[in-house]
Amino acid sequence: MKSSKGSLPMYLQIAETLVRDIAAGRLIDGEKLPPERDMAKELGIAVGTLRKTLAELESRGLLERIQGSGNYIRAINDPQSVYALFRLELIEGGGLPTAEILSVSLETKDPSLPPFGRSLQGHRIRRLRKIGGKVAAIEEIWLDGSYVDSIVPEDLSESLYLYYRTRLNLWIAKAEDYIDLGHVPDWSPATFRPASGDLLPHVLRISHSHDGEKAEVSHTWYDHTVARYVSRLR
């Protein structure tokens, strides 16, 4: 397995997969993980990469490493995942989210969008979303134009929220999701199996920054034969 430019480092990709499994209850508090060499072979990564993953989980308080015994899950209420607000999972559960940038442009805001931000313009980001390697959704994200003059596609990571934090000093603190049915737009790539015009589950998200501003609005159309929307309450 190899990370492409713009993706999270491989050890963080694996860490985020395990965090999602912990949040979903597929890995439970006190559960012992397989021996490191077995686990690395199963994940298709080097033992050294796995050890960086485990160190990352330990630093977040999600793992206890007991000398001579093994590695044990420590489930906590807030695992601090960069995908904490990502709500799509594979039908069979879980799956690491990855994204392919289709286009990035600065546009006059679409008048059909709900009001957000202070600028008349927005950075429109269109992406193909995969979960666990399966094509699952397409996204159109609008970031208010006041946060940055231009966005270079190569700088975007798999998680836009991580990019916002590290490059724009913008934290997305909460989001409102409105779920209905929507038609697949005409810009949808051929690799997304549902055809343009098909009716699919659609999520309109309004994202709020740490200072209370409505910073971003997004549309997500997802293939319900591949993924489902999941929100877990604690």
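Here the structure is shown first, and the text comes after it.
Residues numbered from 1 in each chain as written. Predicted model: local features only at pLDDT ≥ 70, side-chain atom pairs only at ≥ 80, totals over all residues. Heavy atoms only, no water.

So, the overall build of the chain
Working step 1: Check the secondary structure of the chain and you find 4 helices and 10 strands.
Working step 2: Secondary structure elements in the chain, listed N-terminal to C-terminal, are α-α-α-β-β-β-β-β-β-α-β-β-β-β.
Working step 3: In summary, the chain has a C-alpha radius of gyration of 19 Å against a globular reference of 17 Å for 234 residues, a match within 12%.
Working step 4: With respect to the three principal axes, the spread of C-alpha positions in the chain is 60 × 35 × 35 Å. (Helix = DSSP H or I, 4+ residues; strand = E, 2+ residues; numbered from the N terminus. Rg over C-alpha atoms; globule rule 2.2 N^0.38 Å.)

Here we look at the packing of aromatic side chains
Working step 1: Taken as a whole, this structure holds 3 aromatic pairs when the rule is applied.
Working step 2: Centroid distance Tyr161 to Tyr164: 6.0 Å. Interplanar angle 40 degrees. Geometry classified as tilted. Of this pair, Tyr161 and Tyr164 both sit in helix 4 (residues 160-168), 3 residues apart, which is roughly one turn of the helix.
Working step 3: The class for Tyr161 is buried, based on a relative accessible area of 16%.
Working step 4: For Tyr164, a relative accessible area of 0% translates into the label buried.
Working step 5: Taking the centre distance of 6.0 Å and the plane angle of 75 degrees together, the rings of Trp187 and Trp221 count as edge-to-face. Note that Trp187 is positioned in the loop between strand 7 (172-183) and strand 8 (199-209) and Trp221 in strand 9 (residues 214-222), a separation of 34 residues in sequence.
Working step 6: Note on Trp187: relative accessible area 17%, which makes it buried.
Working step 7: Taking the ring centre of Phe116 as reference, the NZ or CZ of Lys109 above it sits at 3.9 Å. (Phe/Tyr/Trp six-rings, centres within 6.5 Å; stacked < 30°, edge-to-face > 60°. Buried < 20%, exposed > 50% of the residue type's maximum accessible area, 1.4 Å probe, protein only. Lys NZ or Arg CZ within 6 Å of the ring centre and 35° of its normal.)

Considerations on the packing of helix 2 (residues 36-43) against helix 3 (residues 47-59)
Working step 1: Closest axis-to-axis distance for the helix 2/helix 3 pair is 9 Å, and the angle between their directions is 105 degrees. Considering their axes alone, helix 2 and helix 3 lie roughly perpendicular with respect to each other. When helix 2 is examined against helix 3, the residues Glu36, Arg37, Met39, Ala40 and Leu43 are found in contact with a partner set consisting of Val47, Leu50, Arg51 and Leu54.
Working step 2: Residues of the contact of helix 2 with helix 3, tallied by class, amount to 6 nonpolar, no polar and 3 charged. (Axes fitted to C-alpha atoms, helices over the stretch in contact; angles between N-to-C directions. Parallel < 35°, antiparallel > 145°, perpendicular 65-115°, else oblique. Contact = heavy atoms within 4.5 Å. Nonpolar A, V, L, I, M, F, W, Y, C, P; charged D, E, K, R; others polar.)

Some points on helix 4
Working step 1: Buried within helix 4 we find Leu160, Tyr161, Leu162, Tyr163, Tyr164 and Leu168.
Working step 2: In this structure, the buried side of helix 4 is in contact with strand 5 (121-131), strand 6 (134-144), strand 7, strand 8 and strand 9.

Things to note about the sheet that holds strand 8
Working step 1: One open sheet accounts for 6 strands, arranged 4-5-6-9-8-7; its pairing is antiparallel. Whereas interior strands pair on both sides, the edge strands pair on one side only; in this sheet they are strand 4 (97-108) and strand 7. If you compare each strand with its neighbour and ignore which way they point, the axes differ by 20 degrees on average.
Working step 2: In the packing of helix 4 onto the sheet, contacts are made with strand 5, strand 6, strand 7, strand 8 and strand 9, and the angle to strand 6 comes to roughly 35 degrees. (Pairing = 2+ DSSP bridges.)

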